[in-house]
Amino acid sequence: MKKIIVEGHRGYCSKYPENTLISFEKALELGVDAIEFDVWLSKDKVPVIIHDGDVSRTTDGEGHVRDKTLEEIKRLDAGKWFGGEFSGQKIPTLREALELFEKNPKLILGVETKEFTYETVDITIGLLKEYGCLERCFFYCFSSRIIKYLKQKYNVTTMGYPDFMMKEYEPGTYQYYDRIGIALKIMTPELCEHFSGMGFPIHLYCADNEENVIKCIEYGADVITANNPVPLIKVLNDRGMRL
């Protein structure tokens, strides 16, 4: 029986504010196999975890994260936009997240580079090496140039997306992919079969109800990402398909 990796998208972000320590903690408590998160650098070159470069959607601040020092970033509230009970949650640093993730030494880390610079990659990789978890990472990016850099310089496990979704795409970029990421909104049996035929493990996102989970299984998923991992875990447990 095929085993499928369960990945929490930005932690357990259907129930908790995305990319915060409480979201990651609750995903770990659910028993996910992997957690996806997004990395930017602060003005003073500290890797921090937030999806948008513009902090206004998920904090009480405004402006771009790259224009703020870590001290300024830590003044922002990253929880109360989601619900008053989460007031006081902060944008975590990558180091803080890695300290938390040490609770599960088998956890796979889905590291998405949001800022398309070599410096962001180099600093992030350096910290992951420090914590001894580089071999447990999948590296995601929508920049073909960054995927190529990750593979050529560090030979890490990379995941790109179909060429029509990538920025800076050049012919031949697929040779630098180890895995393919396909969103449910564009997912078809033909598309999944095409990339499976190219030898790529199929990573499908985000399946938040049992119907979508079953569809992902039928389409050959190797990894399924969810904002709410509960239905995903239930279906895989019922079918004996947990990693």
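Scroll up to find the structure.
Residues numbered from 1 in each chain as written. Predicted model: local features only at pLDDT ≥ 70, side-chain atom pairs only at ≥ 80, totals over all residues. Heavy atoms only, no water.

A. Structural detail: the environment of lysine 3. Mapped onto the elements, lysine 3 comes out in the segment before strand E1 (5-9). Separated by 218 residues in sequence, lysine 3 and alanine 221 place their C-alpha atoms 9.6 Å apart. In this view, lysine 3 contacts Asp222, Gly240, Met241, Arg242 and Leu243; residues no more than four positions away in its chain are not counted. A distance of 2.7 Å separates the side chain of lysine 3 from the backbone oxygen of glycine 240, its partner in a polar contact. (Helix = DSSP H or I, 4+ residues; strand = E, 2+ residues; numbered from the N terminus. Contact = heavy atoms within 4.5 Å. Polar contact = N/O pair within 3.5 Å; in protein donor to acceptor, adjacent residues only side chain to side chain.)

B. A look at the packing of helix H3 (residues 94-101) against helix H4 (residues 118-130). Where H3 meets H4, the axes come as close as 11 Å, and the angle between the chain directions of the two elements is 30°. One element, H3, and the other, H4, form an angle in the roughly parallel class. At the point where H3 passes H4, the crossing takes the right-handed sense. Two secondary-structure elements touch here, H3 through Leu94, Arg95 and Leu98 and H4 through Thr124, Leu127, Leu128 and Glu130. A breakdown of the residues in the contact of H3 with H4 according to their chemical character gives four nonpolar, one polar and two charged. (Axes fitted to C-alpha atoms, helices over the stretch in contact; angles between N-to-C directions. Parallel < 35°, antiparallel > 145°, perpendicular 65-115°, else oblique. Left-handed = near helix turned anticlockwise from the far one by under 90°. Nonpolar A, V, L, I, M, F, W, Y, C, P; charged D, E, K, R; others polar.)

C. Here's a closer look at the packing of aromatic side chains. Summed over all chains, the structure comprises 16 aromatic pairs. Geometrically, the ring pair formed by tyrosine 118 and tyrosine 149 is stacked, given 4.1 Å between the ring centres and 20° between the ring planes. A residue pair is termed long-range when its members are at least 10 positions apart, and tyrosine 118 in helix H4 and tyrosine 149 in helix H5 (residues 144-154) qualify at 31 residues. We classify tyrosine 149 as buried; its relative accessible area is 15%. Where tyrosine 174 meets phenylalanine 195, the ring centres are 5.7 Å apart and the plane angle is 65°; that geometry is what we call edge-to-face. (Phe/Tyr/Trp six-rings, centres within 6.5 Å; stacked < 30°, edge-to-face > 60°. Buried < 20%, exposed > 50% of the residue type's maximum accessible area, 1.4 Å probe, protein only.)

D. Up close: the side chain of aspartate 33. With respect to the helices, strands and loops of the structure, aspartate 33 is situated in the loop between helix H1 (21-30) and strand E2 (34-41). Polar contacts involving the side chain of aspartate 33 include one to the side chain of arginine 242, which spans 3.2 Å. Leave out the neighbours within four places in its chain, and aspartate 33 touches Ile4, Ile5, Val6, Lys106, Leu107, Ile108, Arg242 and Leu243.

E. Representation of the environment of tyrosine 131 within the structure. Along the chain, the position of tyrosine 131 falls in the loop between H4 and strand E5 (137-140). Residue classification places tyrosine 131 among the buried residues on the basis of a relative accessible area of 15%. When sequence neighbours within four positions are dropped, the list of residues in contact with tyrosine 131 reads Arg95, Leu98, Glu99 and Glu102. A polar atom in the side chain of tyrosine 131 sits 3.3 Å from the side chain of arginine 95.

F. Main features of H3. Among all positions of H3, only Leu94, Ala97, Leu98, Leu100 and Phe101 are buried. Along H3, the residues classed as buried sweep out an arc of 155° about the axis, all on the same side. Turning to H3, the residues buried within the fold contact H1, E2, strand E3 (47-49), strand E4 (108-113) and H4. (Arc of directions from axis to C-beta.)

G. Examining the pairing of strand E9 (residues 223-226) more closely. Every second residue of E9 is oriented toward a common face, with Val223 and Thr225 on one face and Ile224 and Ala226 on the other, all of them buried. In this structure, E1 lies alongside E9, joined through four bridges in parallel fashion. In the strand pairing of E9, glutamate 7 is matched with threonine 225. Of the strand pairs in this sheet, strand E8 (residues 202-205) and E9 are connected by three bridges, and their pairing is parallel. (Pairing = 2+ DSSP bridges.)

H. View of unusual backbone geometry. In this chain, tyrosine 205 is followed by cysteine 206 through a cis amide linkage whose omega measures -15°. Structurally, cysteine 206 can be placed in the loop between E8 and helix H7 (210-218). A positive phi is found at asparagine 19, a non-glycine position, where the angle reads about 55°. Take asparagine 19: it is sitting in the loop between E1 and H1. A residue is classified by how much of its surface remains accessible, and asparagine 19, at 2% relative accessible area, is buried. You will see that lysine 45, though not glycine, has its phi angle at about 65°, which is positive. Relative to the assigned elements, lysine 45 resides in the loop between E2 and E3.

On their own, these measurements won't tell you what the molecule is for.
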